[in-house]
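What follows is each chain in one-letter form.
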Amino acid sequence: MDNITAGDGKGRCFVDACVCEEELVSALVASSTEQDKVQALQRTLYRAAKADPGRRFHALYDKVYRGDLLERAWVQVRRNNGAAGVDRVTVADVEVYGVRRFIDELAADLKEGRWRPAPTRRVLIPKPGLSSGQRPLSIPTVRDRVVQTAVKMVLEPVFEADFLPCSFGFRPGRAVHDALQVLVDECWRGRRWVVETDIADCFSAIPHDRLVKAVEERVSDRHVLTLLRALLRAGVMKDGSVRREVTGTVQGGPLSPLLANVYLHRLDREWAGGGHDGVLVRYCDDLVVLCRSQREAEQALAGVTRILAGLGLEPKAAKTRIVHLAEGGEGLDFLGFHHRWVRAASPRHRHVLFLARWPTKQAMLHVRSRIRELTDRSRKRLPVEVVVAEVNRVLRGWGGFFRFGNSARHFSAINRYARMRMALLMSKRHRRSREFGWWVVAFASPNQLGLVDLNGTVVAPRPFRPWRGRPNAGGERRR
């Protein structure tokens, strides 16, 4: 792998492109045929961990460098198609080098103990929906991402056997809407005093020594523990120098969410076993506690603060508060949605009060910003079909997430905004008035240029009813 060099876009040779394509197809086919073996391994690990909560696994490292598992890890890394790390080697470079050759060399290095993680490349990305403010992101090399994914695939079933139902973030078979359904159910039961907070700098504040001890509760394989310590000590490359911290997991690496959940499982466990009142809902470092009274909520906040202090963490002061969900009162933002206790608008159901949710202001600003970027006047010479396809991709993704809520008004607003931006683009494209652009979108095209229509796609949540159920299965009207 040392012979791989990152191309600069000028001198890279694609003479063997067909051969590389064949290698990639072969790797994908091999991954699909070996998928059952990898899943069988994960099921075996999960069942063994579930059957014996006190068991510590001592023979896991040989699973990490298994060829079929590394192949599947490579497929996942390639699907994400992230940026290059400090070595500037991209996924495309690996394909040119040879996927099979890359995996065989990586397996040999892991087996012989020669593999060493490279420092991650630090970049700053804008926070969604905010014009100012950036979030640090660390990008491992492609080689290290494959190793992290393989380690995650081996360790995840072991710790999944222990994780509690209150944890929802970055877990297989659990989604944001599963956590949100708990809010709907518990508010209907009367728990409408809510402690809302998140953990300050969670990914960069977790102490390495305590994190390794948390892993050691289930893993005694010294080779796996050595590999984890090496990953944690790899450091971050910034401004040409490497900084190695004693706290934090690599936010941006495939293994980071699992390690954060392993450490924060102690919070879940102490909350569940400590006789605390209130229902905890945690999505990685974001959490709420639903309580029946103000006093209970104040005690819950004190309890969460105390438990986090014992873990070397603390709540973020700017995002910590107690909210009473009442008609006409304030709401809270959680997991991209704004939640508020409201009365049904229909005269027939005015007696019904329920927890409604819709996209937050930040979520609305974010999607509007993306649509504005895609319909900027600098793109007026692109084919209309290309621009519409890109806008539709954003609308489908954003709408697919927020459709499970009371988002009809917000969807209508985004529909209008997307059509207005396309009308402006058409007017600039033809050097005509804005009215001409509206005429093209609304009347000249039989389907409004093929833009996705979000109206009629919203499915309102219901208490004690699975959100994954088929829409309108119970005869309820779409909103």
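The structure we're discussing is the one just above.
Note that the coordinates shown come from a computational prediction; the quantities given were computed from them, not determined experimentally.

> Honestly, the overall build of the protein in this entry has me stumped. Any pointers?
What the protein contains, in helices and strands, is 16 helices and 11 strands. The buried share among the 479 residues of the protein stands at 48%.

> Honestly, the sheet that holds strand β1 (residues 120-126) in this entry has me stumped. Any pointers?
Backbone hydrogen bonds hold the strands of a sheet together, and the pairing may be parallel or antiparallel. If you trace the four strands from one edge of the open sheet to the other, you get β2-β1-β4-β5, paired in mixed fashion. Pairing within the sheet leaves two strands with one partner each, and these edge strands are β2 (134-139) and β5 (241-243). Within the sheet, the average angular offset between the axes of one strand and its neighbour, ignoring direction, is 45°. Alignment of strand β4 (residues 236-238) against β5, held across three bridges, turns out to be antiparallel. When the bridges of β5 are listed, M237 appears paired with V242.

> Teacher, can you tell me more about empty space enclosed by the protein here?
Gaps between atoms show up when a probe of the same size as a water molecule is rolled over them. For the structure on display, the rule yields three cavities of 30 Å³ or more. One number sums up the size of the largest cavity: a volume of about 60 Å³. If you trace the largest cavity, you find it lined by Q148, L231, L232, T249, V250, L255, S256 and L259. For the lining of the largest cavity, the secondary structure elements donating two or more residues are α10 (222-232) and α11 (256-273). Broken down by class, the residue content of the lining of the largest cavity amounts to five nonpolar, three polar and no charged.

> Whenever I open this one, helix α5 (residues 99-112) confuses me. Can you help?
Turn by turn, an α-helix covers 3.6 residues, leaving residues three or four places apart pointing in a common direction. In this model, α5 (14 residues) spans 20 Å end to end at C-alpha, consistent with the 20 Å of a helix rising 1.5 Å per residue. Those residues of α5 not exposed but buried are V99, F102, I103, L106, A107, D109 and L110. Here the buried residues of α5 occupy an arc of 165° about the axis, which is enough to place them on one side. Structural note: α5 exposes K111 and E112 on the side pointing more than 90 degrees away from its buried face. After α5 finishes, the residue G113 shows a positive phi value of roughly 80°.

> I would appreciate a short explanation of the side chain of R171 in the present structure.
Looking at the element boundaries, R171 is found in the loop between α6 (142-160) and α7 (176-188). According to the relative accessible area criterion, R171 is buried, its value standing at 10%. Engagement of the side chain of R171 in a polar contact is seen with the side chain of E160, the distance being 2.9 Å. Apart from the residues lying within four places of it in its own chain, the contact partners of R171 are E160, F163, L164 and N261.

> Teacher, can you tell me more about the pattern of salt bridges here?
In a structure, side chains of opposite charge can pair up when their charged atoms sit close to one another. Taken as a whole and judged by the stated rule, the model has 25 salt bridges. As a salt-bridge pair, E217 and R266 come within 3.2 Å of each other at their nearest N and O atoms. Highlighted residues: E217 in the loop between α9 (208-216) and α10 and R266 in helix α11, separated in sequence by 49 residues. Residue R379 pairs with E390 through a salt bridge whose shortest N-O separation is 2.1 Å. Of the two residues, R379 sits in the loop between α13 (361-374) and α14 (384-402) while E390 sits in helix α14, which places them 11 residues apart along the sequence. Residue classification places E390 among the partly exposed residues on the basis of a relative accessible area of 22%.

Procedures and definitions
- Residues numbered from 1 in each chain as written.
- Predicted model: local features only at pLDDT ≥ 70, side-chain atom pairs only at ≥ 80, totals over all residues.
- Heavy atoms only, no water.
- Helix = DSSP H or I, 4+ residues; strand = E, 2+ residues; numbered from the N terminus.
- Buried < 20%, exposed > 50% of the residue type's maximum accessible area, 1.4 Å probe, protein only.
- Pairing = 2+ DSSP bridges.
- Axes fitted to C-alpha atoms, helices over the stretch in contact; angles between N-to-C directions.
- 1 Å grid on protein atoms, 1.4 Å probe; cavity = no way out; pocket = protein on both sides within 12 Å on 5 of 7 lines; lining within 4 Å.
- Points joined across faces, edges and corners; volume = space filled by probe spheres on them.
- Nonpolar A, V, L, I, M, F, W, Y, C, P; charged D, E, K, R; others polar.
- Expected span 1.5 Å × (residues − 1).
- Arc of directions from axis to C-beta.
- Polar contact = N/O pair within 3.5 Å; in protein donor to acceptor, adjacent residues only side chain to side chain.
- Contact = heavy atoms within 4.5 Å.
- Salt bridge = Lys/Arg side-chain N within 4 Å of Asp/Glu carboxyl O.

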